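Residues per chain are reported as follows:
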Amino acid sequence: MDRELNGAMRSVSINSAQQNGHNSAVGGGGRDETDRVGVAPGAAALSGAPAATTKLGATSTATSAGKTTAAAATTTNSTHSNSNSSPQQIALLSAAEKTKMVHELCQQLLLTDEQVQELCYRILHELRRGLAKDTHPKANVKCFVTYVQDLPNGNERGKFLALDLGGTNFRVLLIHLQENNDFQMESRIYAIPQHIMIGSGTQLFDHIAECLSNFMSEHNVYKERLPLGFTFSFPLRQLGLTKGLLETWTKGFNCAGVVNEDVVQLLKDAIARRGDVQIDVCAILNDTTGTLMSCAWKNHNCKIGLIVGTGANACYMERVEEAELFEAEDPRKKHVLINTEWGAFGDNGALDFVRTEFDRDIDVHSINPGKQTFEKMISGMYMGELVRLVLVKMTQAGILFNGQDSEVLNTRGLFFTKYVSEIEADEPGNFTNCRLVLEELGLTNASDSDCANVRYICECVSKRAAHLVSAGIATLINKMDEPTVTVGVDGSVYRFHPKFHNLMVEKISQLIKPGITFDLMLSEDGSGRGAALVAAVACREDILNSKK
């Protein structure tokens, strides 16, 4: 197990041709995603969803479908023998019988190879819909153009500001880029009071401008004219590197007069109203773009950015001709960075064949039912709750804890995602962390068998999340079709879960084309340093253009 996940940079180079001999040309030629293929009925049975026929590409063959169906039937028949038993009767079963029941119920959380291949085809189909001008308006995976065409080359120098707005706090950073990939960084976190979060847009941006002014004064750059990169982690429709319209507020914000407005201009106006500092807003970006830029400064092969934290998203460098909504100004630049916003993948039902009763429960009780389907199966905002729902079902059935639950276990949102990481960090046969977590949940009568079953449930949920993300990343790598790709990754789930990195490396290796190598690189402060780097690259290009 990877016990070094808490903090240290990890970079593992993998050659897919040497991994298990199992390769898949996802995103390559030879398949049309409009081929009519039926989804394996076994997959539908396991997930609780009806079997469906789709026009999307599939890899499920009659043989694999038969195997999956047989597996579903075995699970159904085996579980059925206990279906008429009361929780009290089930609680009296042996530990081995209970463990078998846990494993059977968790089958719906395990993705088969055929299902993962099908996911790759569906993700590719949705990416193409988002990139195409005709289908973009109705696409769930929007593939927004970021207007970033240039990545850091290591020669960026100077002082830059970064503003990171994405939650109830925001950060201001001063970053001094120096030679040999060295930098100095100072930052401060500022709170956004509740009344400003739901007040007017003018109030919000005046508050931000005031904090920017105070920060520059405190760090003795008050009289300098500095470039600023603006990380804005809300749904944004970009119209240029320095122009982006807010699509909708999320994360508890509801400031009037901002939706469908250019947030860069609102920030500039607030700075101008003060008139006391000189700031050039050079770029607006989201945290995924910042992650890519931060890693690309040190590793020039970094062409994909990934966030697996409270949310889930990815961006990647796409060929200009594939991005139909992008009007290129410089024919010499062949690529543009695309923000996929793939958290919304599946909002059209494309994920129904692998969704479970627990996923549907999460969605129904979320603040945005029917939205961000992919994200809800992956991100740290929901992973702990998914585990809790499984634990509740098994406890009520008498399989876990002799049927004895607790008020905390039965309360939504109180099984934190950090518990999943802590439980899985226990060495095999050791349940120290697991027992501490269960005690916090008010469950003090857990046997070793209960602890082992709780850990298995956590492993099923986190492994599925890692495999879903891996299907997406492998699809991007295959679509880009470059010999070597580094994926810059950030987010609390990837950073702190003890197995997530290794699970991703193993699964991506199975899915990418032969001959492609990749590595996963932990980002260092993408939303902060990455924002400053976008500004630095923009300034670098402006200087080059002015000399022509």
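Residues numbered from 1 in each chain as written. Predicted model: local features only at pLDDT ≥ 70, side-chain atom pairs only at ≥ 80, totals over all residues. Heavy atoms only, no water.

Novice: Explain the nonpolar core residue by residue, including any values.
Specialist: Residues Leu306, Phe415, Ile473, Phe500 and Met504 are the most contacted members of the largest nonpolar core, which totals 95 residues. For this core, the leading source of residues is helix H15 (residues 448–480), giving 17 residues. Contacts of Phe500, omitting those with residues within four sequence positions, involve Val308, Met383, Ser462, Ala465, Ala466, Val469, Val493 and Tyr494. (Core = buried A, V, L, I, M, F, W, Y, C linked by side-chain atoms within 4.5 Å. Buried < 20%, exposed > 50% of the residue type's maximum accessible area, 1.4 Å probe, protein only. Helix = DSSP H or I, 4+ residues; strand = E, 2+ residues; numbered from the N terminus. Contact = heavy atoms within 4.5 Å.)

Novice: An account of the side chain of His136 is requested, with residue identities and associated values reported.
Specialist: Residue placement: His136 occurs in the loop between helix H5 (113–131) and strand S4 (144–145). Engagement of the side chain of His136 in a polar contact is seen with the backbone oxygen of Gly130, the distance being 2.8 Å. Contacts of His136, omitting those with residues within four sequence positions, involve Arg129, Gly130, Lys142, Phe144 and Leu325. (Polar contact = N/O pair within 3.5 Å; in protein donor to acceptor, adjacent residues only side chain to side chain.)

Novice: Help me get a handle on the sheet that holds strand S6 (residues 169–177), residues and values and all.
Specialist: Strand order in this open sheet of 5 strands is S7-S6-S5-S8-S11, and the pairing throughout is mixed. Unpaired on one side and paired on the other, strand S7 (183–191) and strand S11 (278–285) mark the two borders of the sheet. Strand after strand, the sheet turns through a mean of 20° between neighbouring axes, direction not considered. Taken together, the 7 bridges between strand S8 (residues 225–232) and S11 define a ladder with parallel strand orientation. (Pairing = 2+ DSSP bridges. Axes fitted to C-alpha atoms, helices over the stretch in contact; angles between N-to-C directions.)

Novice: Break down the packing of helix H10 (residues 357–364) against helix H12 (residues 380–396) for me, with residues and values.
Specialist: Close contact between H10 and H12 brings their axes to 10 Å; oriented N to C, the two are set at 120°. Between H10 and H12, the angle is such that the two are oblique. Considering only the axes of H10 and H12, their crossing is right-handed. Residues Glu357, Phe358, Asp359, Asp361 and Ile362 of H10 lie in contact with H12, whose contacting residues are Tyr382, Glu385, Leu386, Leu389, Val390 and Lys393. Per-class residue counts for the contact of H10 with H12 are 6 nonpolar, no polar and 5 charged. (Parallel < 35°, antiparallel > 145°, perpendicular 65-115°, else oblique. Left-handed = near helix turned anticlockwise from the far one by under 90°. Nonpolar A, V, L, I, M, F, W, Y, C, P; charged D, E, K, R; others polar.)

Novice: Please provide a residue-by-residue account of the state of the cysteines, values included.
Specialist: Throughout this description, disulfide means a covalent bond between two cysteine sulfur atoms. Throughout the structure, instances matching the rule amount to 0 disulfides. Cysteine Cys295 remains unbridged, with the sulfur of Cys302 as its closest cysteine sulfur at 4.8 Å. Since its relative accessible area comes to 1%, Cys295 is described here as buried. Left without a disulfide partner, Cys315 is nearest to the cysteine sulfur of Cys302, which lies 8.1 Å away. (Disulfide = S-S within 2.5 Å.)

Novice: Account for empty space enclosed by the protein, with residues named and values stated.
Specialist: Going through the model one piece at a time under the given rule, you end up with 6 cavities of 30 Å³ or more. Space inside the largest cavity adds up to approximately 90 Å³. Along the walls of the largest cavity sit Phe144, Val145, Thr146, Phe232, Phe234, Leu236, Gln238, Leu285, Asn286, Thr289, Asn339 and Glu341, which together make up its complete lining. If you list the elements that add at least two residues to the lining of the largest cavity, you get S4 and strand S9 (236–240). (1 Å grid on protein atoms, 1.4 Å probe; cavity = no way out; pocket = protein on both sides within 12 Å on 5 of 7 lines; lining within 4 Å. Points joined across faces, edges and corners; volume = space filled by probe spheres on them.)

Novice: Break down helix H13 (residues 417–424) for me, citing the residues and quoting the values.
Specialist: For H13, a buried count of 6 out of 8 residues is recorded, marking the element as mostly surrounded by other parts of the structure. For H13, the full list of buried residues reads Thr417, Tyr419, Val420, Ser421, Ile423 and Glu424.

Novice: I'd like to hear about the packing of aromatic side chains, residue by residue, with values.
Specialist: Enumeration according to the criterion identifies 13 aromatic pairs in this entry. Each ring, one from Phe170 and one from Tyr190, has its centre 5.5 Å from the other, and the planes form 25°; the classification is stacked. Of the two residues, Phe170 is situated in strand S6 and Tyr190 in strand S7; the sequence distance between them amounts to 20 residues. Here the aromatic rings of Phe234 and Phe253 are separated by 5.2 Å at their centres, their planes lie at 75°, and the arrangement is edge-to-face. Here Phe234, found in the loop between S8 and S9, pairs with Phe253, found in the loop between strand S10 (243–246) and helix H8 (263–274); they are 19 residues apart in sequence, far enough to count as distant. The class for Phe234 is buried, based on a relative accessible area of 3%. Note on Phe253: relative accessible area 4%, which makes it buried. (Phe/Tyr/Trp six-rings, centres within 6.5 Å; stacked < 30°, edge-to-face > 60°.)

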